[in-house]
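Remarks on the overall topology
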Amino acid sequence: MTWAFALALAATAAVVGLLWRQRGVEEREDAPPAEDARVSPLLKGINYLLSDEPDRALQELVRVARLQTETAEVYLALGDLFRNKGEFGRAVRIHQNLLARPGLSRELRMDAQAALALDFQAGGLLGRALREYEKVLEMDPGHARALEAILRIREQQQEWREAAEALARLDRVRGTDSSLHMAYLQTEMARAEREAGNEAQAMELVREAIATDPECAAAHLLLAEMALDRGDEEAAFASMEALRRAAPRHLPLLVRVLLERPEVHERRGRDFLMDCWRDGGDETLALEWIRVVAARDGVEAARELARALDFKPEGLRALLHLRAIIGPDDAETRAARRWVKQARNHVCATCGVEVISMRWQCPQCHEWGSMRPIREERLS
Ligand SMILES: [Zn+2]
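Keep in mind the model is a prediction, meaning the values are calculated, not measured.

About the criteria used
- Residues numbered from 1 in each chain as written.
- Predicted model: local features only at pLDDT ≥ 70, side-chain atom pairs only at ≥ 80, totals over all residues.
- Heavy atoms only, no water.
- Donors = N, O, S within 2.8 Å, 3.2 Å for Na, K, Ca; no water.
- Tetrahedral: all angles 85-135°; square planar, octahedral: opposite > 155°, others 65-115°.
- Helix = DSSP H or I, 4+ residues; strand = E, 2+ residues; numbered from the N terminus.
- Buried < 20%, exposed > 50% of the residue type's maximum accessible area, 1.4 Å probe, protein only.
- Expected span 1.5 Å × (residues − 1).
- Contact = heavy atoms within 4.5 Å.
- pLDDT = per-residue confidence, 0-100.
- Axes fitted to C-alpha atoms, helices over the stretch in contact; angles between N-to-C directions.
- Parallel < 35°, antiparallel > 145°, perpendicular 65-115°, else oblique.
- Left-handed = near helix turned anticlockwise from the far one by under 90°.
- Nonpolar A, V, L, I, M, F, W, Y, C, P; charged D, E, K, R; others polar.

Moving on: the coordination of the zinc ion. For the zinc ion, every protein donor is listed as Cys 348 (SG), Cys 351 (SG), Cys 362 (SG) and Cys 365 (SG), and the spread of their distances is 2.2 to 2.4 Å. Between the four donor atoms coordinating the zinc ion, the angles at the centre fall across 106 to 115°, so the site counts as tetrahedral. The motif formed by the donor residues of the zinc ion, counted along the single chain, is C-x2-C-x10-C-x2-C. Here Cys 351, found in the loop between strand S1 (346-348) and strand S2 (354-355), pairs with Cys 362, found in the loop between S2 and strand S3 (371-373); they are eleven residues apart in sequence, far enough to count as distant. A relative accessible area of 30% means that Cys 351 is categorised as partly exposed.

The following block contains the structure:
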C-alpha cells in the first residue's frame, strides 16, 4: 500500500501547489475562482487511490487532466510514479492520454513523449522505446537524454553501428569527446564482422578502433588474435606489446590466447609471458597462467610453473586463489575453492561495482574499459 500512499502524497502536494498558484493568480489579476471544477475530481482520484482502486483513480485523474492544462505536470508525475512502481501499462496510458490532448505546450509534449519512451524502455519493450525516442528527436534533434537512452538500448541489443551513430551525435550535442568509448564500439563491430566471416572488414574496423584511441585494450587483443589465426606471429606479438604498453593490467587475457596455441606458446609465448611477469610482478598474471596450465596440463604442471615463476602470494586474495588451484586435497583447499567460486575479481574504476569475470563494459554504469582486476594491500 506504500506506493498508493506515495502517489496520494504526490497528488496532494500537486493540489496544494495548484491552489497556491491559483491564489497568486487571483491576487494579481482578480480572476474568478475556478478551482472547484479542477480540484474535486482530483480529490476523488486521491480517495480512490487511498481505497486501493487504482483504475477508478486513474479514470478521475484522466478527467482532471482533460479539464485543465496546468494539471499536465501532475499527470507527468503520476506517470513517473506508476512507472517506478513497475506498472508500465498504466504509465503508458497516462502519457498517451497526455499526448492525445490538443493544445499541449511544446515543452510538455516533449516531456510526455520522453516519458512514454522511458515507460517502454523500463518495461523492456526496447523496439517500441526506440521509436518513441526517435519522435523526441524529431521535436528536438539535440535532446541529450533521448540520445543517451538510444545509445544504451543499441548497446543492450548489440547493435554496435547504431550505437556508434548515437554516440557521435551525443558528442556533437554535448561538446564532449568519447573516443575511448567509440574505439570499444568499433572493436565490437569488428568482432561481429569477424563472426560473420568478413575478415577484411573486421581488420579495417579494428585498425580504425586503435586509431580512434590507442588505449583501447580490447582492440589490441582482437588484433593479436586475428594475427595468430592467420599465422602472422610477428604482427601478433607486436599487438601484444602494444597491449602491454596501453593497458598492462589486461595482460592476463593473453594467457589463454597463447596457451590455446601450443606451438606459438612454445616458440615465443612462454618467453613473452615470463618477461611480462618479471617486468611487472603482476599477481593476477601469474595466477591466470597457473590456472590455465592446471586446467590444460593438470595440477603437477601448475605446481611446477608456480615454482618456475617463484610465485609467493603476498596477499590473502592471491593466497586463496593459488591454494584453490594447486593446494593439497584438504579441508583448507576445499574452503579456498568454495571462496574462489564466488570471489569477485574485477572492479569498475568509475562506479566501484565488483564482478566475478572480466568484461569490457561495466554492467552497472555502462562505462567501457573501466573494469580492472582487484588487487589488494600486501600482508606485510
Ligand atoms: Zn561502473
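After presenting the structure, the write-up continues.
Attention shifts here to helix H13 (residues 233-246). Between the first and last C-alpha of H13 there are 20 Å, a value that for 14 residues agrees with the 20 Å anticipated at 1.5 Å per step. For H13, the elements touching its buried residues are helix H12 (217-229), helix H14 (252-259) and helix H15 (262-280).

What follows is about unusual backbone geometry. At Gln 158, a residue that is not glycine, the phi angle is positive and equals roughly 55°. Among the secondary structure elements, Gln 158 is positioned in the loop between helix H8 (144-156) and helix H9 (160-174). You will see that Asp 310, though not glycine, has its phi angle at about 55°, which is positive. Within the secondary structure layout, Asp 310 lies in the loop between helix H17 (299-309) and helix H18 (316-326).

Next up on the list: the confidence of the model for the chain. Residues of the chain with pLDDT of at least 70 account for 87%, and the chain-wide mean is 87. This model gives residues 16-33 a pLDDT under 50, and the stretch forms 14 contacts once residues within four places in sequence are excluded.

Attention shifts here to the environment of Glu 208. Examined against the element boundaries, Glu 208 turns out to sit in helix H11 (residues 199-212). Under the relative-accessibility criterion, Glu 208 is labelled partly exposed at 36%. Through-space distance from the C-alpha of Glu 208 to that of Gln 186 is 7.2 Å; in sequence the pair is 22 residues apart.

Where H8 meets H9, the axes come as close as 8 Å, and the angle between the chain directions of the two elements is 160°. In terms of orientation, H8 lies roughly antiparallel with respect to H9. The way H8 lies across H9 gives a crossing that is left-handed. Every residue of H9 that contacts H8 at Ala 144, Leu 147, Glu 148, Ile 150, Leu 151, Arg 154 and Glu 155 is listed here: Trp 160, Glu 162, Ala 163, Ala 166, Leu 167, Arg 169, Leu 170, Val 173 and Arg 174. Each residue belonging to the contact of H8 with H9 can be placed in one class, and the counts come to ten nonpolar, no polar and six charged.

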